[in-house]
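Structure at a glance
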Amino acid sequence: MAAQILDGKALAARVRAEVAQGVAEFRRRKGLAPGLAVVLVGDDPASQIYVNRKEKACAEVGIYSETLRFPAEVEERELLSHIAELNARPEIHGILVQLPLPPHLEQARVLRAIHPAKDVDCFHPVNFGRLALGDPYLVPCTPAGILELIRQTGVPLAGREAVVVGRSNIVGKPTALLLLGEHATVTVCHSRTADLPAVCRRADVLVVAVGRREMVKGHWIKPGAVVIDVGINRYEGKLYGDVDFRQAVEVAGYLTPVPGGVGPMTIAMLLRNTLRAAEAGAP
Ligand code: NDP
């Protein structure tokens, strides 16, 4: 039987509608909109697309947004001083630095410059630490979206085997922490994992965030499993996930498409985080 497709677009639309309502209430109470500042360095075409989408999504739910654009060769000192200004502006509740940054900028230092209260991507060590301690302030956007998609299936996580392929700080690691928080038995895989297909086959819930087109094949998947494909791989003008969709759909119980799965959820969660940061009264 073919897998049920988890429609990230439809779920994201529901989240955005909830956020729009919360934004309207916030505006009534406070007399101003929640505000998001996006910092974009250089002219990476994919980053430009993501930033445009974020701006549009903010406008649709009534969040004020502004994008600070810098040339690829901007000095780190200058970038940090602009982030410090954003930290001090009361009408800006969330700050996001679009990654990747050009190699001469130290990513960790730039991300640490964002005030933790305004860190809507949740990459600051304080926020990552709180997540690891099970007391998150905000939940990082892509992992939060992944968890919402899994909840959508109604499959209980407690006691289930969850396998996360990929251990990045942006996706794999925080997703594993969230699954652990839901009492799943979590295994995190990476490029040195021995016999990856066998580990994946154990998974009741399989999250794949690797960045390799169609790497996960049908026979890697336990029949009936929930499969969340985070990958975005561009190839010959088309987008592909990390999971071989045609094979996986025959085996999995639930499956996210690419595009239209995790991607729209990431932006919806960014909007939710911006509203939450505003409600928390970011300094
Ligand atoms: P990274 O490149 O930071 O991490 C990739 C991870 O995959 C690493 O942990 C790496 O292992 C592991 N890996 C690489 N090759 C293999 C392999 N052959 N077998 C097992 N593991 C492997 O990527 P990100 O986490 O940032 O992103 C992953 C994918 O998700 C990308 O396609 C990205 O575009 C997409 N993405 C999608 C988002 C969305 O909104 N839909 C948001 C963010 C990312 P090791 O640590 O050993 O190197």
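Located above this text is the structure these notes cover.
This report concerns the structure included in the present document. (Residues numbered from 1 in each chain as written. Predicted model: local features only at pLDDT ≥ 70, side-chain atom pairs only at ≥ 80, totals over all residues. Heavy atoms only, no water.)

1. Concerning the site of the ligand
Stated formally: Nearness is judged by heavy atoms alone; a residue qualifies as near a molecule or strand once a single heavy atom is within 4 Å of it. Method for areas: the Shrake-Rupley scheme with a 1.4 Å probe, in which residue coverage is limited to the protein chains shown. Put simply, DSSP marks the helices as runs of H or I at least four residues long and the strands as runs of E at least two long, and each gets a number from the N terminus on. Three classes are used: nonpolar for Ala, Val, Leu, Ile, Met, Phe, Trp, Tyr, Cys and Pro, charged for Asp, Glu, Lys and Arg, and polar for all others, with Gly counted as polar.
Every one of the 20 residues lining the ligand counts as a neighbour, but Arg167, Ser168, Ser191, Arg212 and Thr266 are closest to it. Relative to its unbound accessible surface of 930 Å², the ligand loses 70% to contact with the protein. Ranked by the residues each element gives to the shell around the ligand, the list is headed by helix 10 (residues 262–279), at three residues. Per-class residue counts for the shell around the ligand are eight nonpolar, 10 polar and two charged.

2. Focus on the sheet that holds strand 7 (residues 205–208)
Spelled out, the test is: Each pair of strands is called paired provided DSSP finds at least two bridges between the two strands. The contact criterion used throughout is that any non-hydrogen atoms of two residues lie within 4.5 Å. For every element, the axis is a line fit to its C-alpha atoms; helices are fit only across the contacting stretch, and the angle between N-to-C directions ranges from 0 to 180 degrees.
Read from one edge of the open sheet, six strands run 1-11-8-7-5-6, paired in parallel fashion. Edge positions in the sheet fall to strand 1 (4–5) and strand 6 (185–189), since each of these pairs with one other strand and no more. For strand 5 (residues 161–165) and strand 6, the ladder comprises five bridges, and the chain directions are parallel. Bridge pairing links Ala162 to Val186 in strand 6. Each of strand 7, strand 8 (226–229) and strand 11 (254–255) is contacted by helix 6 (residues 141–153), which is oriented at about 155 degrees to strand 8, the strand it contacts most.

3. Brief notes about the layout of surface pockets
Condition: Only protein atoms enter the calculation, which uses a 1 Å grid: trapped sets of points that fit a 1.4 Å probe without letting it out are cavities, open sets showing protein on both sides within 12 Å along at least five of seven lines are pockets, and any residue with an atom within 4 Å of a point is a lining residue. Grid points are joined across faces, edges and corners, and a volume is the space filled by probe spheres set on the points.
Within this model, the largest pocket holds a volume of roughly 1400 Å³. Contributing to the lining of the largest pocket are 47 residues, with Tyr50, Thr142, Ile232, Gly263 and Thr266 lying nearest its centre. Elements that contribute at least two residues to the lining of the largest pocket include exactly helix 1 (8–30), helix 2 (45–61), strand 4 (94–97), helix 6 and helix 10. With eight residues, helix 2 is the largest single contributor of residues to the lining of the largest pocket. In terms of residue class, the lining of the largest pocket is built from 24 nonpolar, 11 polar and 12 charged. Along the walls of the second largest pocket sit 18 residues, with Leu131, Pro136, Val139, Arg151 and Leu178 positioned nearest its centre. Counting only elements with at least two residues in the lining of the second largest pocket, the list comes to helix 5 (125–132), helix 6, helix 7 (172–181) and helix 10.

4. Comments concerning the nonpolar core
Note the following rule: Within this scheme, the nonpolar core is defined by two criteria: the residues are buried Ala, Val, Leu, Ile, Met, Phe, Trp, Tyr or Cys, and they are joined through side-chain atoms within 4.5 Å. Burial classes follow relative accessibility: with a 1.4 Å probe on protein chains only, a residue under 20% of its type's maximum area counts as buried, one over 50% as exposed, and anything between as partly exposed.
Of all hydrophobic cores here, the largest spans 50 residues; its most connected members are Ile146, Ile150, Leu179, Val207 and Ile228. By residue number, the principal contributor to this core is helix 10, which donates 10 residues. In this structure Ile228 touches Leu6, Ile146, Leu149, Ile150, Leu206, Val207, Val208, Thr256 and Val262, once residues within four positions along its chain are discounted. Among the nonpolar cores identified, the runner-up in size contains 20 residues, and Val199, Ile221, Ala248 and Leu255 belong to it.

5. Structural notes on the packing of helix 6 against helix 7
The axes of two packed helices give the description: the angle between them and the distance between them. Put simply, the test is: Angles below 35 degrees are treated as roughly parallel, those above 145 as roughly antiparallel, those between 65 and 115 as roughly perpendicular, and all remaining angles as oblique. Left-handed describes a crossing whose near helix is turned anticlockwise from the far helix by less than a right angle; the clockwise case is right-handed.
Between helix 6 and helix 7, the shortest axis-to-axis distance is 9 Å and the interhelical angle comes to 40 degrees. Put simply, helix 6 runs oblique to helix 7. Viewed along their axes, helix 6 and helix 7 form a crossing whose handedness is right-handed. Taking contact as the criterion, the partners of Pro143, Ala144, Ile146, Leu147 and Ile150 in helix 6 are, on helix 7, Pro174, Thr175, Leu178 and Leu179.

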